[in-house]
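Architecture and fold: a report
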Amino acid sequence: MWRRLVSSSILAGCLVAYCALANSSINPAIFAALDDAQWQGCPQTQLSGLKLIGLPLQFELEHLKLNLACISHPQRPTQSASLVELKAPLQQLFIQLADWAKALPASQLKVKRLELKLTTSTSIQGELSLSQKVQQWQAQWRGDDGSRVAIQLEPQRQQLSLSGALQPSLIKALATVWPSFNTAQAYGPLNITMNLASLDDLQLAMRFSLPQLGSQVDAQLSGWENWRLDVNSSPFDFAQWQLPASHWQLQAGRWQAEIERWQTRGQGYWQLEPQLSVQGVINAQHLPLLQRSLYPLAANTELLSGEGRLDFVWQAERLTGHASLDSLNALWGEQRLSGGSLSSDFGYRPEQGWQHSGKLSLETWDVGIPLTQLTASWQQQQAAPLSELAGLELSQVRFSLLGGQAELSPFYLDFPTEALVNLQGLQLSELVALYPELGLSVAGSVSGRLPMYLSQQGLAISAGQLAVIEPAGKIALSHQSLVALKAQHPSLDFALSLLEDFNYETLAANVDFAEDGQLDMQVKLYGRNPKVSSRPVALNYRHQENIYQLLRSLRIGDQLSGQLQQWIDEHSAPPSR
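Cut-offs and rules
- Residues numbered from 1 in each chain as written.
- Predicted model: local features only at pLDDT ≥ 70, side-chain atom pairs only at ≥ 80, totals over all residues.
- Heavy atoms only, no water.
- Helix = DSSP H or I, 4+ residues; strand = E, 2+ residues; numbered from the N terminus.
- Buried < 20%, exposed > 50% of the residue type's maximum accessible area, 1.4 Å probe, protein only.
- Contact = heavy atoms within 4.5 Å.
- Pairing = 2+ DSSP bridges.
- Phe/Tyr/Trp six-rings, centres within 6.5 Å; stacked < 30°, edge-to-face > 60°.
- Polar contact = N/O pair within 3.5 Å; in protein donor to acceptor, adjacent residues only side chain to side chain.
- Salt bridge = Lys/Arg side-chain N within 4 Å of Asp/Glu carboxyl O.
- pLDDT = per-residue confidence, 0-100.
- Expected span 1.5 Å × (residues − 1).

This next bit is on the overall build of the protein chain. A count of helical and extended segments in the protein chain gives twelve helices and 34 strands. Burial analysis of the protein chain (577 residues in total) assigns 40% to the buried set. Excluding contacts between residues fewer than 6 apart, the proportion of contacts in the protein chain whose partners are at least 24 apart in sequence is 45%.

Structure (structure tokens):
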């Protein structure tokens, strides 16, 4: 396969030798035969209009057509096209060119119309000039679309250099035979330079640049059997992503990569047979560097620290893998999210899209009241783009708060949606600690259920129910607070006196909560204060407050004390390398 490709590439050079006669004498019969000649082999060849326009040996050819469609071009590389198989044909090419140079001290061929038929429906057209002088061969091709390629060979030194500028139309044509050109097709033109410094041990330097992207790739290929390809790419913008400079190394069956700016490294394996596949692992030491370039977060959200690992297998245009993120710390407005981790299995198929599932844990979500030991699982039942969250089902959502536990029923992130929040064992002593100015102490634990509704406008609760399950509980209001409250509310003198030392048997509440944060809670108390009355008393109390403002005031306290900034400083520094 590769030998046939090499042979077709030097066919034009063979024409020069075919037309050269001993002692520079020209046989008219040969010109008559080549004025309109065809060869039905592979590649099929047709030429016309051969003329001698000067001495020493300057030829002009009106039309040369090479049909390369007969050559079987693989849709993907195979192991049969191993690199070492190219060495012998290239050595033979240099030897043959050196011999021709001795027989033809100087020669030149100009092809006014060169047509290369790549497939039955794709062809490349342009003009070609070949020249040889003092053991140096030069070829220049210019396409009808403005593409150009220049090649210079020095057979005795076994050196080769190539430069070219490929326009999008030429790249599109090449992509029909070599699909690897498909990526460059959308970002053409493509500029290429290559320099072969040594053939014996293979030293090939290459440079590719895409001016439209402002990108440049430098590559160094060395060695025939134990070959290695080192690639360095400059920063560039790809789609909506900003990709920094990177270094890649490719060897037989192995690959390595490093993006220093992102503190990201990867390594793994690849193979060409029985089909192209790539697998490996990518590690990111400081995720914010990666996230800011690839995945912008919502407004007022900032990832401060974290590290990640990605294990993947790409085969037959399908991707499967596992991602794990650890040591996550972030800010959502003024709210602290610390000690997070995420684990996800994912898959991608071109005909379907993405599917993924995973688990999330968070040590603390400080909304003003710390939510701790938060865990959740998610699953995407139907394949969809990663940005599509409507199909995500959240389940096993649990967290701790106020000394108790909360658990949500499974729900979909498809607004509007609803879920049931079950609360168990919330400690009233921790709840009233949010109001230190009241001088109030309460003993007991609360459980209940809160029907939660989620929409684009926010979170709401309707007809929620809370109650103290344990029968014994106590409310105590400090004497100083009692005196102050009685002075403010004289009509509540008796009720406030009961709360100075109140032993309750029943404590229950009905809860409503609006999207704007307004809480409306109807509280019922039943119990007694032996110092005031021996008879049991029922008290009804309505509490209204904006919880968002309360939580914000609690967070402001952290800001004023410097605790928030101290936490940000502790979790923003990247890890030492």
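Right, let's get into the pairing of strand β30 (residues 458-468). Relative to β30, strand β29 (residues 445-455) is paired through eight bridges, and the arrangement is antiparallel. Following the sheet pairing, Val 446 is matched in β30 by Val 468. Taking the residues between adjacent antiparallel strands as the criterion, β29 and β30 are bridged by two residues. Here β30 runs beside strand β32 (residues 502-513); their pairing, made up of five bridges, is antiparallel. Considered in β32, the bridge of Gln 465 is made with Asn 510.

Next up on the list: the pairing of β29. With respect to burial, β29 is a largely interior element, nine of its eleven residues being buried. Sheet topology places strand β27 (residues 417-427) next to β29; nine bridges connect them, and they run antiparallel. Considered in β29, the bridge of Val 421 is made with Leu 450.

On to the packing of aromatic side chains, then. With the rule as written, the count across this model stands at seven aromatic pairs. Judged by centre distance (5.9 Å) and plane angle (35 degrees), the ring pair of Trp 332 and Trp 365 falls under tilted. Taken as a pair, Trp 332 in strand β20 (residues 318-332) and Trp 365 in strand β22 (residues 353-366) lie far apart in primary sequence, 33 residues in all. Note on Trp 332: relative accessible area 44%, which makes it partly exposed. Residue Trp 365 is classed as partly exposed on the basis of its relative accessible area, which comes to 22%. Consider the rings of Tyr 348 and Trp 354, whose centres lie 5.0 Å apart with planes at 45 degrees: the pair is tilted. Taking the relative accessible area as the measure of exposure, Tyr 348 reaches 30% and is therefore partly exposed. Clustering of aromatic rings is evident, with ring pairs tying together Trp 248, Trp 255 and Phe 312.

Pro 416 follows Phe 415 through a cis peptide bond whose omega is -5 degrees. Structurally, Pro 416 is set in the loop between β26 (411-412) and β27. One non-glycine residue, Ala 316, lies in positive phi territory at about 55 degrees. Mapped onto the elements of the fold, Ala 316 is located in the loop between β19 (301-315) and β20. Positive phi, close to 50 degrees, is recorded for Gln 396, a residue that is not glycine.

For the rest of this paragraph, the subject is the environment of Glu 85. Tracing the backbone shows Glu 85 in the loop between β3 (58-67) and α4 (87-103). A C-alpha to C-alpha distance of 8.8 Å links Glu 85 and Trp 224, two positions 139 residues apart in sequence.

Within the secondary structure, Thr 122 sits in the loop between β4 (106-117) and β5 (123-133). Here the alpha-carbon distance between Thr 122 and Lys 172, two residues 50 residues apart in the chain, equals 9.5 Å. Leave out the neighbours within four places in its chain, and Thr 122 touches Leu 116, Lys 117, Ala 173 and Thr 176.

A few words now on the side chain of Asp 230. Of note, Asp 230 is situated in strand β12 (residues 228-233). Owing to a relative accessible area of 13%, Asp 230 belongs among the buried residues under this scheme. A polar contact is formed between the side chain of Asp 230 and the side chain of Gln 249, at a distance of 3.2 Å. Setting aside residues no more than four positions away along its own chain, Asp 230 makes contact with Asp 218, Ala 219, Gln 220, His 247, Trp 248 and Gln 249.

Our next topic: the pattern of salt bridges. Within this structure, the stated rule accounts for 14 salt bridges. The partner of Asp 366 in a salt bridge is Arg 336, with the nearest N and O atoms 2.8 Å apart. Of this pair, Asp 366 sits in strand β22 while Arg 336 sits in strand β21 (residues 335-349), and the two are 30 residues apart along the sequence. The pair formed by Asp 366 and Arg 336 is uniform in burial state, with each residue classed as buried. Through salt bridges with shared partners, one network takes in Lys 51, Glu 60, Glu 62 and Lys 112.

On the secondary structure map, Gln 291 appears in helix α7 (residues 287-294). With residues up to four places along the chain from it excluded, the contact list for Gln 291 reads Pro 296, Leu 297 and Leu 303.

Here we take up the confidence of the model for the protein chain. Regions with low pLDDT should not have their predicted coordinates read in detail. The predicted model of the protein chain averages 83 in pLDDT, with 85% of residues at 70 or higher. Highest mean pLDDT in the protein chain belongs to strand β25 (residues 404-408) (96); lowest belongs to helix α1 (residues 2-9) (40). Under a pLDDT of 50 for its full length, residues 1-25 has, in the predicted model, 44 contacts with residues more than four places off or in other chains. In the model, residues 74-81 has pLDDT below 50 throughout and makes 13 contacts with residues more than four positions away in sequence or in other chains.

As for its position among the elements, Glu 545 is in strand β34 (residues 533-546). Separated by 27 residues in the primary sequence, Glu 545 and Gln 518 have C-alpha atoms spaced 5.8 Å apart. Excluding anything up to four places from it in sequence, Glu 545 contacts Tyr 435, Gly 517, Gln 518, Leu 519 and Leu 550.

End to end, α4 covers 25 Å across 17 residues, agreeing with the expected 24 Å (1.5 Å per residue, within 8%). Pro 89, Leu 93, Phe 94, Leu 97, Ala 98, Trp 100 and Ala 101 are the residues of α4 that are buried.

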